[in-house]
Amino acid sequence: MTEPLLRVRDLKTYFVTEHGSGTARAVDGVSFDLYPGETLGLVGESGCGKTVTSLSVLRLIPEPPGHIRPGSFIEFAGRNLLTLAPRELRAIRGNQIAMIFQEPMTSLNPVFTVGDQIAEAAIVHQRLSRRAARARAIEMLKLVGIPDPAQRVDHYPHQMSGGMRQRVMIAMALVCHPKVLIADEPTTALDVTIQAQILELLERLQAELGMAVMLITHDLGVVAGSADRVVVMYAGQVVEQAPTPELFARPLHPYTEGLLASVPRLDAPPARARARLHGIPGQVPASSDWPGGCRFHPRCPYAWDRCREEEPPLLDASSGEPGSHTVRCWLLTEPQRRTTRPGP
Amino acid sequence: MAAWLVRRLAASIAIVWAVVTLTFVVVHIAHGSPCGQSDGRPVAPETCAALIRRFGLDRPIGIQYVKYLGALLHGDLGESLALHRPVADALAEALPNTLTLALTALILDFALGLALGVYQAARERRFGDIALGNAALFVNSMPTFWLGLVLLLLLAQWLRLFPVGGLRDLVLCPRLDSLPCLADFAWHLTLPALTLGLVGAAGTARYQRAALLEVVRQDFVRTARAKGLPERRVLLVHALRNALLPLITLFGLTFPFLLTGAVLVETVFAWPGMGRLAVTAILQRDYPVVTAAALIASVMVVLGNLLADALYGVADPRIRVRAT
């Protein structure tokens, strides 16, 4: 197997809470690998720590209140990003690892033209002249499918629609041909039809430019369509990790099971289509107060004493290659306890 | 764009007219007479009556107003009652002095305020920010004339670093025609400009800090960091351009403040500008000068606001596009 491009090990990103001295353990010991050219889906409910994980990779967490704990490790091209000097980190940001954000409406600077904003990274990282950078910006706008790129390059963000702006964000992120693209809920703020276009665009660009994509989303539908592998997060931890087809066919963590059962499906048999959509009872607990034992136990239909007392490690459940499917659940040791399936 | 400009100009003229009318009425119905009571020397009643008749001050106020407005439309500001010269001449002498003072103070205000505000925002809640914030609050709450007096006492009287007042050395520099004389003028300008500018800068710094701190929490600043830009560029280019917008509003408000502030500062530093001219004229019931001073002040305020609006267009493309 090839070497991973990005290796995240035991990432812990904590925040000091607003009132007083509490600590929110937003990301609490997350590990995963990203391989060259693949799309990795990072999935979970709001508040499970997926955005904080993605921001931590480029050290974009505001400090204070946040900080990445010593002992965390994010390796890219043989170097630990967490111990890099600011200058070395900047040389990677936007150049080798680029990022696009959830809100295209607010993620672009309103007072600069989209051309200037796209060209900026090329000027900073590749020392292009202004003229060359402008030509590159027009080229990028064309690449992301914006009509009349030569005119659009001089437009301001407010003159564009949400979908257009997200295309501009993508053009901006890809201008230096990064090896890794982190896409944090890139389609959440967009109309459904535009969502599909943006995902297709990302897929096409990934194939053309051969980059790895870390796709953060709460939408399993998005993951099913585009990701090669999936990392499911809950309460600041990775709870299950598997290749996409494997995860959909054989979800092992009760949380993953619940998530899959709560996705509305058009291709479901009529009986199930008429049934009520399944929901996971309760909500993600506050990150300043994770439950003891298994963090999912208060919401888990199978939980027993051991789940309340002892925190499960990530256990290997691979049917094929070792380590390809891991689950943080005691059920793996006592499969006979998986009696009732959640949902109708 | 043209329609907008026409509307703005019409509104501006209306404002200036209203200010002139109000000043004219107030100054005429105010108690007292222009006939020599300000310097305490008694004037013979018949001389007084003759003077009042000569200047037409015995006519009904309505007729005086119409005559004044008519003359004003022809560019005639009238004759000063106390100075015995055309008002326009007195203004032509005083206005440049005040504008020099106000503009120097304005530059000091915004240059210093901007720099301090940015510095404070970059060091949010650390020692430098807190210390400067408290110092700014202290300076900002001082009345300008009092700060003027303190600076005067400290730097001019005790340390003898600056002159105690006046525009320039009248013996060595009757005219500003040589480099040493310009330097002398700048030397005289320092304390009054510092007084006016410091108080303003303290306020501007607080605004700038708040505006910048609000902007740096926005998504596009994170985008700029994610691009790998140096922190200096993130702050001074991406954040600052957006944080300048509230400052332009402040600029429109500051300009009139500097003019009114100049009245007191000019008195403290014996600076022969509009402020001193107006104060003296009010005490002497010199109607034409008072009205003319109000006219000039209102024109300045209107111009300041027009300038602020134009600057908005330059700074914010969203406004620019809507206006055209």
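Residues numbered from 1 in each chain as written. Chains lettered and ligands numbered in written order. Predicted model: local features only at pLDDT ≥ 70, side-chain atom pairs only at ≥ 80, totals over all residues.

Q: Now, about the overall build of chain B: what can you tell me, with residues and values included?
A: When its secondary structure is counted, chain B shows 12 helices and 0 strands. In chain B, the order of α-helices and β-strands from amino to carboxyl end is α-α-α-α-α-α-α-α-α-α-α-α. C-alpha atoms of chain B, sized along the principal axes, occupy 85 × 55 × 40 Å. Sequence separation of 24 or more characterises 74% of the internal contacts of chain B that already satisfy a separation of 6 or more. (Helix = DSSP H or I, 4+ residues; strand = E, 2+ residues; numbered from the N terminus. Contact = placed C-beta atoms within 7 Å.)

Q: Can you lay out the overall build of chain A for me, pointing to particular residues and giving the numbers?
A: Each helix and strand counted, chain A has 13 helices and 13 strands in total. A globule of 344 residues ought to have a C-alpha radius of gyration of about 20 Å, and chain A, at 21 Å, matches this closely. If one aligns the C-alpha atoms of chain A with their principal axes, the spans along those axes are about 65 × 50 × 45 Å. Evaluated residue by residue, chain A yields a buried proportion of 45% over its 344 residues. For chain A, the proportion of contacts with a sequence separation of at least 24, taken over those separated by at least 6, is 64%. (Rg over C-alpha atoms; globule rule 2.2 N^0.38 Å. Buried ≥ 20, exposed ≤ 12 C-beta atoms within 10 Å, placed from the backbone.)

Q: Give me helix α9 (residues 231–268) of chain B: which residues, what numbers.
A: All names here are of chain B. Its 38 residues give α9 an end-to-end C-alpha distance of only 44 Å, which falls more than 12% under 56 Å, the value for a rise of 1.5 Å per residue. Taking the largest bend as the criterion, α9 deviates by roughly 55°, centred on Leu-240. Positive backbone phi, approximately 50°, marks Ala-270, located one or two places after α9. (Expected span 1.5 Å × (residues − 1). Bend = angle between axes of the 7 residues up to and from the residue.)

Q: Go over the interface of chain B and chain A with me, naming the residues and quoting the values.
A: One widely used convention gives an interface's size as the accessible area the parts lose upon coming together. Taken together, the contact between chain B and chain A spans 18 residues of the former and 22 residues of the latter. Take the side of chain B that touches chain A: its biggest share by element is 7 residues, from helix α8 (residues 219–226) of chain B. Looking at the side of chain B that touches chain A residue by residue, the class counts come to 6 nonpolar, 5 polar and 7 charged. (Nonpolar A, V, L, I, M, F, W, Y, C, P; charged D, E, K, R; others polar.)

Q: Explain the sheet that holds strand β9 (residues 212–217) of chain A to me, using residue names and the numbers behind them.
A: Residue and element names in this part refer to chain A. The 8 strands lie next to each other as β7-β8-β9-β3-β10-β11-β13-β12, forming an open sheet whose pairing is mixed. The open sheet has two edge strands with one neighbour each: β7 (97–100) and β12 (315–316). Sheet topology places β7 next to strand β8 (residues 180–184); 4 bridges connect them, and they run parallel. Counterpart to Ala-98 in the pairing with β8 is Leu-181. Docked against the sheet, helix α7 (residues 162–174) engages β7 and β8, running at close to 170° with respect to β7. (Pairing = 2+ DSSP bridges. Axes fitted to C-alpha atoms, helices over the stretch in contact; angles between N-to-C directions.)

Q: Which residues make up the environment of A:Ile97, and what are the values?
A: Mapping A:Ile97 onto the fold places it in strand β7. With 28 C-beta atoms packed within 10 Å, A:Ile97 lands in the buried category.

Q: For the pairing of strand β11 (residues 237–243) of chain A, give the residues involved together with the corresponding values.
A: All names here are of chain A. Most of β11 sits out of view: 6 of its 7 residues are buried. Of the strand pairs in this sheet, strand β10 (residues 229–234) and β11 are connected by 6 bridges, and their pairing is antiparallel. Pairing of Met-233 across the sheet is with Val-238, part of β11. Between β10 and the antiparallel strand that follows it, β11, lie 2 residues; Ala-235 among them carries a positive phi value of about 50°. Sheet topology note: the β11/strand β13 (residues 326–327) ladder contains 2 bridges and is antiparallel. Paired with Glu-240 across the strands is Val-327, a residue of β13.

Q: So what's going on with helix α4 (residues 114–126) of chain A? Which residues, and what values?
A: All names here are of chain A. Helix length check: α4, at 13 residues, gives a terminal C-alpha distance of 19 Å against a target of 18 Å (1.5 Å per residue), a fit within 8%. Counting buried residues in α4 gives 10 out of 13 residues, a clear majority hidden from the surface. For α4, the complete set of buried residues consists of Val-114, Gly-115, Gln-117, Ile-118, Ala-119, Glu-120, Ala-121, Ala-122, Val-124 and His-125. Lining the buried residues of α4 we find α5 (130–143), α6 (149–152) and α7.

Q: So what about the packing of helix α7 (residues 179–216) of chain B against α9(B)? Which residues, and what values?
A: Residue and element names in this part refer to chain B. Orientation of α7 relative to α9, taken along the N-to-C sense of each, is 160°, at an axis distance of 9 Å. Our classification of the angle between α7 and α9 gives roughly antiparallel. Read as a crossing pair, α7 and α9 show a hand that is right-handed. Seen from α7, the contacting residues are Pro-192, Thr-195, Leu-196, Gly-200, Thr-204, Tyr-207, Gln-208, Ala-211, Leu-212, Val-215 and Val-216; seen from α9, they are Ala-239, Leu-240, Asn-242, Ala-243, Pro-246, Leu-247, Leu-250, Thr-254, Leu-258, Gly-261, Ala-262 and Val-265. Looking at the contact of α7 with α9 residue by residue, the classes come out as 16 nonpolar, 7 polar and no charged. (Parallel < 35°, antiparallel > 145°, perpendicular 65-115°, else oblique. Left-handed = near helix turned anticlockwise from the far one by under 90°.)

Q: Let's hear about the environment of A:Val230: which residues, and what values?
A: Residues and elements named next belong to chain A. Following the sequence through the fold, Val-230 ends up in strand β10. Judged by C-beta crowding, with 26 C-beta atoms within 10 Å, Val-230 ranks as buried. Val-230 sits 16 residues away from Met-214 along the chain, and the two C-alpha atoms are 9.8 Å apart. Ignoring anything within four residues of it in the chain, the contact list for Val-230 reads Gly-41, Val-43, Val-223, Ala-242, Thr-244 and Leu-247.

Q: Got a sec to walk through the packing of helix α6 (residues 144–158) of chain B against α9(B)? Specific residues and values, please.
A: How two helices sit against one another is set out by the angle between their axes and by the gap between those axes. Residues and elements named next belong to chain B. The geometry of α6 relative to α9 is characterised by a closest axis approach of 9 Å and an angle of 30° between their N-to-C directions. Considering their axes alone, α6 and α9 lie roughly parallel with respect to each other. In this structure, the crossing between α6 and α9 has a hand that is right-handed. Of α9, the residues touching α6 (which contributes Thr-144, Phe-145, Gly-148, Leu-149 and Leu-152) are Gly-261, Leu-264, Val-265 and Val-268. Taken together, the residues that form the contact of α6 with α9 break down as 6 nonpolar, 3 polar and no charged.

Q: Residue-level account of the environment of B:Leu5, with values.
A: Residues and elements named next belong to chain B. Here Leu-5 is to be found in helix α1 (residues 2–29). For Leu-5, a count of 11 C-beta atoms within 10 Å puts it in the exposed group. Sequence-wise, Leu-5 and Leu-306 are 301 residues apart; in three dimensions their C-alpha atoms are separated by 9.6 Å.

Q: Hey, could you go over the nonpolar core for me, with residue numbers and the actual values?
A: Core analysis: the largest hydrophobic core is formed by 99 residues, its most contacted members being A:Ala171, A:Val180 and A:Met214. The greatest single-element share of this core, amounting to 8 residues, is contributed by α7(A). Among all residues touching A:Met214, those that are not within four sequence positions of it are A:Leu34, A:Leu40, A:Leu42, A:Ser54, A:Val180, A:Ile182 and A:Ala183. Ranked by size, the runner-up nonpolar core spans 71 residues in total, among them B:Val20, B:Ala239, B:Phe257 and B:Ala293. (Core = buried A, V, L, I, M, F, W, Y, C linked by C-beta atoms within 7 Å.)

Q: I'd love a proper account of the confidence of the model for chain B, names of residues and values included.
A: Residues and elements named next belong to chain B. Taken over all residues, the pLDDT of chain B has a mean of 85, while the share at 70 or more is 96%. Within chain B, α8 carries the highest mean pLDDT (92), whereas helix α12 (residues 317–323) carries the lowest (66). Across the assembled chains, the prediction reports ipTM 0.85 with pTM 0.80. (pLDDT = per-residue confidence, 0-100.)

Q: How would you explain the pairing of strand β5 (residues 73–76) of chain A if you had to name every residue and give the values?
A: All names here are of chain A. By the alternation rule, side chains of β5 split into Ile-74 and Phe-76, which are all buried, and Phe-73 and Glu-75, of which none is buried. Pairing of strand β1 (residues 6–16) with β5, which is carried by 4 bridges, proceeds in the antiparallel orientation. Bridge assignment links Arg-9 to a residue of β5, and that residue is Phe-73. Note: β5 against strand β6 (residues 79–80), 2 bridges, orientation antiparallel. From the neighbouring strand, Phe-76 faces β6, where its bridge partner is Arg-79. The turn joining β5 and β6, which pair antiparallel and follow one another in sequence, is formed by 2 residues; a positive phi near 50° is taken by Ala-77.

Q: Tell me about unusual backbone geometry, residues and numbers included.
A: Positive phi, normally seen in glycine, also occurs at A:Asp148, with a value near 50°. Looking at the element boundaries, A:Asp148 is found in the loop between α5 and α6.

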